[in-house]
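Single-letter residue listing:
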Amino acid sequence: MRDFPTAVTELIAAAPPTDLGPGTPAAERRAQIRTAVASLPPACGAGLWLLFDYLDESHTISQADESCPNRNFWHAIMHRREPDAWNSKYWWRRVGAHPVLAQLAEQAPAVGYKYTTPFDFVDFCEKARGTGGADEQTAQRVQRLEWDLLFAWCFDRDARK
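Model, not experiment: these values are computed from the prediction.

*Asks:* Lay out the overall build of the chain with the relevant residues and their values.
*Replies:* When you go through the chain residue by residue, the secondary structure sums to nine helices and zero strands. The order of α-helices and β-strands along the chain, N terminus first, is α-α-α-α-α-α-α-α-α. The C-alpha radius of gyration of the chain comes to 14 Å, within 12% of the 15 Å expected for a compact globule of 161 residues. For the C-alpha atoms alone, the extent of the chain along its principal axes is close to 35 × 30 × 25 Å. Looking at the chain residue by residue over its 161 residues, the buried ones come to 49%. Long-range pairs, those at least 24 residues apart, make up 68% of the contacts in the chain between residues at least 6 apart in sequence. Accessible surface computed for the chain: about 7,400 Å², of which carbon and sulfur atoms make up 53%. Taken together, the 18 basic and 21 acidic charged side chains of the chain have centroids lying 3 Å from each other.

See below:
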């Protein structure tokens, strides 16, 4: 794992399984998340809130700077989980050719999915969400990979926007 602040590393280790839907915010972690987010670039803060199913908090940070591709990426994920596929795809168009998408295309086959575009993945999540089947488990693995890659990308670049 990267050299994240200790509070962030502990939170990531304690993260619940990724949910394709909105999930239930982890109320017992709220104060820890708030403290950890204060030490992070805003784009990472959006991701950390999202990891614990705080969609509103993540959305507030993402929407605060719509010129930042990293925040738009979190924004697209948040709407995919809401679920609001149309709005998610709108934000994917705003993201554009983000380097993390290429990383996903390279790494997703290792978790059982051929990642082509974020639009196709939105559709895959829409079909798999709530089924309890193998496709839902695959989508959850890909979504966690997506989270890990984007969080690291934002942290490594200290995306203060």
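*Asks:* Could you give an account of unusual backbone geometry, naming the residues involved and the relevant values?
*Replies:* Glu82 connects to Pro83 through a cis peptide bond whose omega is -10°. Checked against the element boundaries, Pro83 lands in the loop between α5 (69-81) and α6 (85-95). One non-glycine residue, Asp53, lies in the positive phi region at around 70°. Within the secondary structure layout, Asp53 lies in the loop between α3 (42-51) and α4 (55-63).

*Asks:* Let's hear about the pattern of salt bridges: which residues, and what values?
*Replies:* All chains considered together, the criterion is met by seven salt bridges. With a closest N to O distance of 3.8 Å, Arg94 and Glu66 form a salt bridge. You can see Arg94 sitting in helix α6 and its partner Glu66 sitting in the loop between α4 and α5, a full 28 residues away along the chain. In this structure Glu66 comes out as partly exposed when scored by relative accessible area, which is 32%. As a salt-bridge pair, Glu146 and Arg80 come within 2.5 Å of each other at their nearest N and O atoms. With Glu146 in helix α9 (residues 134-156) and Arg80 in helix α5, this residue pair connects regions lying 66 residues apart in the sequence. Pair check on accessibility: Glu146 and Arg80 agree, each one buried.

*Asks:* Could you give an account of helix α1 (residues 6-13), naming the residues involved and the relevant values?
*Replies:* Val8, Leu11 and Ile12 are the residues of α1 that are buried. Down the axis of α1, the buried side of the element spans an arc of 100°, and every buried residue falls inside it. With respect to the buried face of α1, the exposed residues turned more than 90 degrees away are Thr6 and Ala13. Against α2 (30-37), α3 and α9 lie the buried residues of α1.

*Asks:* So what's going on with the packing of α1 against α2? Residues and values would help.
*Replies:* The description of two packed helices rests on the angle between their axes and on the distance between the axes. Closest axis-to-axis distance for the α1/α2 pair is 9 Å, and the angle between their directions is 140°. By the criterion of interaxial angle, the relationship of α1 to α2 is oblique. The hand of the α1/α2 crossing is left-handed. Contact residues: Ala7, Val8 and Leu11 in α1; Gln32, Ile33 and Ala36 in α2. Each residue belonging to the contact of α1 with α2 can be placed in one class, and the counts come to five nonpolar, one polar and no charged.

Conventions and cut-offs
Residues numbered from 1 in each chain as written. Predicted model: local features only at pLDDT ≥ 70, side-chain atom pairs only at ≥ 80, totals over all residues. Heavy atoms only, no water. Helix = DSSP H or I, 4+ residues; strand = E, 2+ residues; numbered from the N terminus. Rg over C-alpha atoms; globule rule 2.2 N^0.38 Å. Buried < 20%, exposed > 50% of the residue type's maximum accessible area, 1.4 Å probe, protein only. Contact = heavy atoms within 4.5 Å. Areas by Shrake-Rupley, 256 points an atom, 1.4 Å probe, with all protein chains shown as cover. Lys, Arg positive; Asp, Glu negative; His and termini not counted. Charge placed at Lys NZ, Arg CZ, Asp CG, Glu CD. Salt bridge = Lys/Arg side-chain N within 4 Å of Asp/Glu carboxyl O. Arc of directions from axis to C-beta. Axes fitted to C-alpha atoms, helices over the stretch in contact; angles between N-to-C directions. Parallel < 35°, antiparallel > 145°, perpendicular 65-115°, else oblique. Left-handed = near helix turned anticlockwise from the far one by under 90°. Nonpolar A, V, L, I, M, F, W, Y, C, P; charged D, E, K, R; others polar.

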